[in-house]
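# Structural overview
Chain by chain, the residues run as shown.
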Amino acid sequence: RQEEAPQSYYRINGLNSIYLSIRAEETANQLELAKRVRAEMEYIRTLLPPGYEIHTSYDATEFIQDELNKIYVRTGLTVLLMFVLLITREIKYLLLIIISLSINLSIAVILYYLSGLEMQLYSLAGVTISLSLVIDNTIVMTEHIRNRHNRKAILSILAATLTTIGALVIIFFLDEKIRLNLQDFAAVVIINLGVSLLIALFLVPALIDKMNLEWKKSGKKNISGEETEYTWKIRIRKRTNRILKRFPVYYNRYYQCQIDFLCGWKKLACFILLLAFGIPVFLLPEKIEYDTKDKKKVYT
């Protein structure tokens, strides 16, 4: 068959060149496809005659890989639960959170697959953000069971979680261009939070019971008259209440001083507020010319 006549010409460094654009399908893994394309191009490079070269002008997967690396780092920092060990000093407590988080993610991944969600940058960002919320639900439920010996904290967790889910549902009613980018992000966060409710209600109490995590008991005075943890808690609470009662006094004094300063320096205060809102200098004309024909100034 006769070769088709070229429709356009590309020249790089004064040499004729062929520009090849490769695009992935929507369902394809772009990173894996990019590796296969690079391998194929390297093989083709070995077959080219002398004087021919292959150069990559743009690779979109480099940006995707950089963003994925950032997400991996943020996710690692989120699940770094050493602060729990430092605060509680209990290995069992740390294991409880790790087990709960692992099961939560495992169930969530199954729901991702059943829902047909695509794992892309927005989806992975949703996983990273929701991890902190999932851990919070587990910690709140664990602390409530250990202190109050019941599961009534689930109502507070449910209210907070439904508030977040309700805010994310708005994404599904946005304009199509915005919704297509954010709907996977919202779906991932909603699934993770929904699963975390079930984990907090059923799994966390069972783990506390099976792992024999000690319940925090209310302290009382010993027979010897020594002060227990309960006594120290009362003292700390009284001191905290005293600070809270004096806080309005300090705040009113500060507020009064601020009002006196603003009243004494009104012009300076107005100037600072004007600078805070910003001056639209960009709207000023670059130059002012005088039109001799119409005898008027022209702002350009």
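Residues numbered from 1 in each chain as written. Predicted model: local features only at pLDDT ≥ 70, side-chain atom pairs only at ≥ 80, totals over all residues. Heavy atoms only, no water.

## Observations concerning the overall build of the protein
Looking only at helices and strands, one finds nine helices and four strands in the protein. Written out in order from the N terminus, the α and β elements of the protein read β-β-α-α-α-α-α-α-α-α-α-β-β. Burial analysis of the protein (300 residues in total) assigns 22% to the buried set. In the protein, of all internal contacts separated by at least 6 residues, the share reaching a separation of at least 24 is 64%. Here the protein displays about 24,000 Å² of accessible surface, and carbon together with sulfur accounts for 61% of that area. (Helix = DSSP H or I, 4+ residues; strand = E, 2+ residues; numbered from the N terminus. Buried < 20%, exposed > 50% of the residue type's maximum accessible area, 1.4 Å probe, protein only. Contact = heavy atoms within 4.5 Å. Areas by Shrake-Rupley, 256 points an atom, 1.4 Å probe, with all protein chains shown as cover.)

## What to know about helix α9 (residues 266-277)
The end-to-end C-alpha distance of α9 is 17 Å, a good match for the 16 Å that 12 residues give at a rise of 1.5 Å each. Among the 12 residues in α9, one count as buried, and that is only a small part of the element. After α9 finishes, the residue Gly278 shows a positive phi value of roughly 100 degrees. (Expected span 1.5 Å × (residues − 1).)

## With respect to helix α4 (residues 91-115)
For α4, spanning 25 residues, the distance from its first C-alpha to its last is 36 Å, which sits close to the expected 36 Å at 1.5 Å a residue. When we look at burial in α4, the residues that qualify are Tyr93, Leu94, Leu96, Ile97, Ser100, Leu101, Asn104, Ala108 and Tyr112.

## Comments concerning the packing of α4 against helix α5 (residues 121-148)
Relative orientation of the contacting elements α4 and α5 amounts to 135 degrees, with a least axis distance of 10 Å. As summarised for this structure, α4 and α5 are arranged oblique, according to the angle between their axes. As α4 packs across α5, the resulting crossing turns out to be right-handed. On α5, the residues that touch Tyr93, Leu96, Ile97, Ser100, Leu101, Asn104, Leu105 and Tyr112 of α4 are Val127, Leu131, Val134, Ile135, Thr138, Ile139, Thr142, Glu143 and Arg146. By residue class, the composition of the contact of α4 with α5 is 11 nonpolar, four polar and two charged. (Axes fitted to C-alpha atoms, helices over the stretch in contact; angles between N-to-C directions. Parallel < 35°, antiparallel > 145°, perpendicular 65-115°, else oblique. Left-handed = near helix turned anticlockwise from the far one by under 90°. Nonpolar A, V, L, I, M, F, W, Y, C, P; charged D, E, K, R; others polar.)

## Brief notes about the nonpolar core
Counting residues in each nonpolar core, the largest one holds 29 residues, and the members touching the most others are Leu96, Tyr112, Leu117, Met141, Ile191, Val204 and Ile208. A per-element tally of this core places helix α7 (residues 176-210) first, with 11 residues. (Core = buried A, V, L, I, M, F, W, Y, C linked by side-chain atoms within 4.5 Å.)

## Regarding the confidence of the model for the protein
Across the protein, pLDDT averages 79, with 76% of residues at or above 70. Throughout residues 218-227 the model reports pLDDT below 50, and contacts reaching past four residues in sequence, or to other chains, amount to 11 contacts. (pLDDT = per-residue confidence, 0-100.)

## Observations regarding the packing of helix α6 (residues 153-169) against α7
Two quantities define a packed helix pair, namely the angle between the helix axes and the distance between the axes. Running from amino to carboxyl end, α6 crosses α7 at an angle of 170 degrees, the nearest separation of the two axes being 10 Å. Here α6 is positioned roughly antiparallel relative to α7, judged by the angle of their axes. In contact with Ile154, Ile157, Leu158, Thr161, Thr164, Ile165, Leu168 and Val169 of α6, α7 contributes Phe185, Ala186, Val189, Ile190, Leu193, Leu197, Ala200 and Leu201.

## What about the side chain of Ser100?
Mapped onto the fold, Ser100 is located in helix α4. Given a relative accessible area of 1%, Ser100 falls into the buried group. The residues touching Ser100, leaving out its near neighbours within four places in the chain, are Thr138, Ile199, Leu203, Val204 and Leu207.

## As for the pattern of salt bridges
All told, the structure shown has three salt bridges when counted by the stated rule. A salt bridge links Glu42 to Arg45, with the shortest nitrogen-to-oxygen separation between them at 3.4 Å. Residue Glu42 and its partner Arg45 are both found in helix α1 (residues 30-47); the two are separated by three residues, about one turn of the helix. Taking relative accessible area as the criterion, Glu42 reaches 43% and is therefore assigned partly exposed. Its relative accessible area of 37% is what places Arg45 among the partly exposed residues. (Salt bridge = Lys/Arg side-chain N within 4 Å of Asp/Glu carboxyl O.)

## A closer look at unusual backbone geometry
Non-glycine residue His149 carries a positive phi angle of around 65 degrees. Its location among the elements puts His149 in the loop between α5 and α6. Overall, the relative accessible area of 40% leaves His149 in the partly exposed class.

## Re the environment of Ala125
The residue Ala125 is located in helix α5 in this model. Separated by 58 residues in the primary sequence, Ala125 and Glu67 place their C-alpha atoms 9.6 Å from one another. Once residues within four sequence positions are removed from consideration, Ala125 is found in contact with Ile71 and Phe185.

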